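# Tertiary structure, described
What follows is each chain in one-letter form.
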Amino acid sequence: MLGLGVDRLQADINRLLASLFHQGVLDEHFLQLQQLQDETSPNFVYDVINIYFDESEKLLRNLRLLLVDREFSDYKKIGLHLNQLVGSSSSIGARRVRNVCVAFRSASELSNRPGCMRGLEVVEHEYHYLKNMMHELFQLEQQRLLAAGVRYPV
Amino acid sequence: MGRDGGVSCLMRAEMNMMSVGGMESAPAPSDLDEVHVLAVDDSLVDRIVIERLLRINSCKVTAVDSGWRALEFLGLDNDKASAQLDRLKVDLIITDYCMPGMTGYELLKKIKESSNFREVPVVIMSSENVLTRIDRCLEEGAQDFLLKPVKLADVKRLRSHLATKDDVKLSNGNKRKLPQDSDPVTITPPLTISTESSPPLTISHDSSDSSSSSSPVEMFSSSPIDDDEDDDVLTSSPEESPIRRQKMRSPGLD
């Protein structure tokens, strides 16, 4: 009975991951992160992703503050923030976030203010979608570990 | 594949300690047999990833967040000779290219200008596949140029180069052919392979599938990844990396 729980949860995880890869939300670099996780570093993926969230949210906040300012003109700064976001998103395999950041960056390079506002909104949207998906994944994994733990008592 | 011996329970605290601008102390002379890498990257996420990549390959790592801090660590930031210099052992410097203040290229130049560290191999990492950039770095003496995001296979390859170099230094009559002694290197321009053209990810339902890079099923599994690469770095050829063969993203000096 408990065994079925583990299998079902694993199937849910697989399905979610497959969907995220299929949608292009994640790419193979996300799997690379998993290769860096082992018994000496069992929470590596979770920790890196959370640091990515912290850093990204700081950058997104700064971007919004810059753009809503009526006297905004510092497109170069926008570009620098976006370089960071592009880089870190790429490193963790957040492909869609990375791509929309690149598009946003192009608008900033053309000093296109409305384009930048749109770009920011799209990035925020994709970022939050990714974050929700990651939380769901982590939750499923947590449940799976618990179910597996109960099945094989020490 | 070597593993980091220290079990880190306070992952986040440890990572923050090590990676946010600060520096680890240099390894003591007794650690001279271990490879010590200085990693330079302004991105916290990337510092953590590169640090882990190196540690998983049995390297001691000092991670800093800027070129200036790197020079400071090496004792190159002023004209006074650093008292620490006798004990400082750096076997490899790996640096991001795009950094505010001092770029990786500028850092590379400064290192190659120094008498103490010009022999230390310097590897440049960049998210952009720009031929002129790559050429410039290689001309300035960079050992290798890695495309970001850096993969496990890239670091393994670097590590195996370092291992063979050390071996030859230790044994006098060694006639083993080194990568740097081989025929003139042809640097093939990296193919710009967009990830759309990469083979579709296969979702395997077979949990015994050991091909970790293609199976999302292995995601989060707590069992150690069954590594299909040769663990013995002395005999494994850098060419063997299947990922590298597929992607061919890092030009390398092979």
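Just so we're clear, the structure is a prediction, and the values are computed from it rather than from any experiment.

## Brief notes about the overall build of chain B
Tallying secondary structure elements over chain B gives 7 helices and 5 strands in all. Counted from the first residue to the last, chain B has its helices and strands arranged as α-β-α-β-α-β-α-β-α-β-α-α. Looking at chain B as a whole, 48% of its 254 residues qualify as buried. Sequence-distant contacts, at least 24 apart, represent 67% of the contacts inside chain B between residues at least 6 apart. Surface exposure of chain B reaches about 12,500 Å², of which carbon and sulfur atoms provide 51%.

## What about the sheet that holds strand E4 (residues 122–126) of chain B?
Note on sheets: strands pair through backbone hydrogen bonds, and any given pair is parallel or antiparallel. All names here are of chain B. The 5 strands are arranged E2-E1-E3-E4-E5 in an open sheet whose pairing can be described as parallel. Of all the strands in the sheet, just strand E2 (59–64) and strand E5 (144–147) have a single pairing partner and so form its edges. Ignoring which end each strand starts from, the neighbouring axes of this sheet average 20° apart. Seen against the sheet, helix H2 (residues 44–56) touches strand E1 (35–40), E2, strand E3 (92–96) and E4 and runs at an angle of roughly 165° to E2.

## Notes on the pairing of E1 of chain B
Residues and elements named next belong to chain B. In terms of burial, E1 is largely enclosed, as 6 of its 6 residues are buried. Side chains Val35, Val37 and Ala39 of E1 all project onto a buried face; the interleaved residues His36, Leu38 and Val40 project onto the opposite face, where all are buried too. Handedness of the crossover joining E1 and E2 through H2 is recorded here as right-handed. As defined by bridge partners, E1 adjoins E3 across 4 bridges and the pair is classed as parallel. When the sheet's bridge partners are listed, Ala39 is paired in E3 with Ile94.

## Some details on the packing of aromatic side chains
Two numbers describe a pair of aromatic rings. These are the distance of the centres and the angle of the planes. Residue and element names in this part refer to chain A. As enumerated under the stated definition, the model contains 5 aromatic pairs over all chains in all. Between Phe53 and Tyr127, the aromatic rings sit 5.9 Å apart at their centres with planes inclined by 85°, giving edge-to-face as the arrangement. Taken as a pair, Phe53 in helix H3 (residues 44–68) and Tyr127 in helix H6 (residues 113–151) lie far apart in primary sequence, 74 residues in all. On the accessibility criterion, Phe53 (2% relative accessible area) is buried. Look at Phe72 and Tyr75: their rings are 4.9 Å apart centre to centre, the planes differ by 70°, and that puts the pair in the edge-to-face class. On the accessibility criterion, Phe72 (10% relative accessible area) is buried. Members of the aromatic cluster, connected to one another through ring pairs, are Tyr52, Phe53 and Tyr127. In this structure, Lys131 packs its charged tip against the face of Phe53, placed 5.5 Å from the ring centre.

The rules behind these values
- Residues numbered from 1 in each chain as written.
- Chains lettered and ligands numbered in written order.
- Predicted model: local features only at pLDDT ≥ 70, side-chain atom pairs only at ≥ 80, totals over all residues.
- Heavy atoms only, no water.
- Helix = DSSP H or I, 4+ residues; strand = E, 2+ residues; numbered from the N terminus.
- Buried < 20%, exposed > 50% of the residue type's maximum accessible area, 1.4 Å probe, protein only.
- Contact = heavy atoms within 4.5 Å.
- Areas by Shrake-Rupley, 256 points an atom, 1.4 Å probe, with all protein chains shown as cover.
- Pairing = 2+ DSSP bridges.
- Axes fitted to C-alpha atoms, helices over the stretch in contact; angles between N-to-C directions.
- Right-handed = clockwise from strand over helix to strand, strands pointing away.
- Phe/Tyr/Trp six-rings, centres within 6.5 Å; stacked < 30°, edge-to-face > 60°.
- Lys NZ or Arg CZ within 6 Å of the ring centre and 35° of its normal.

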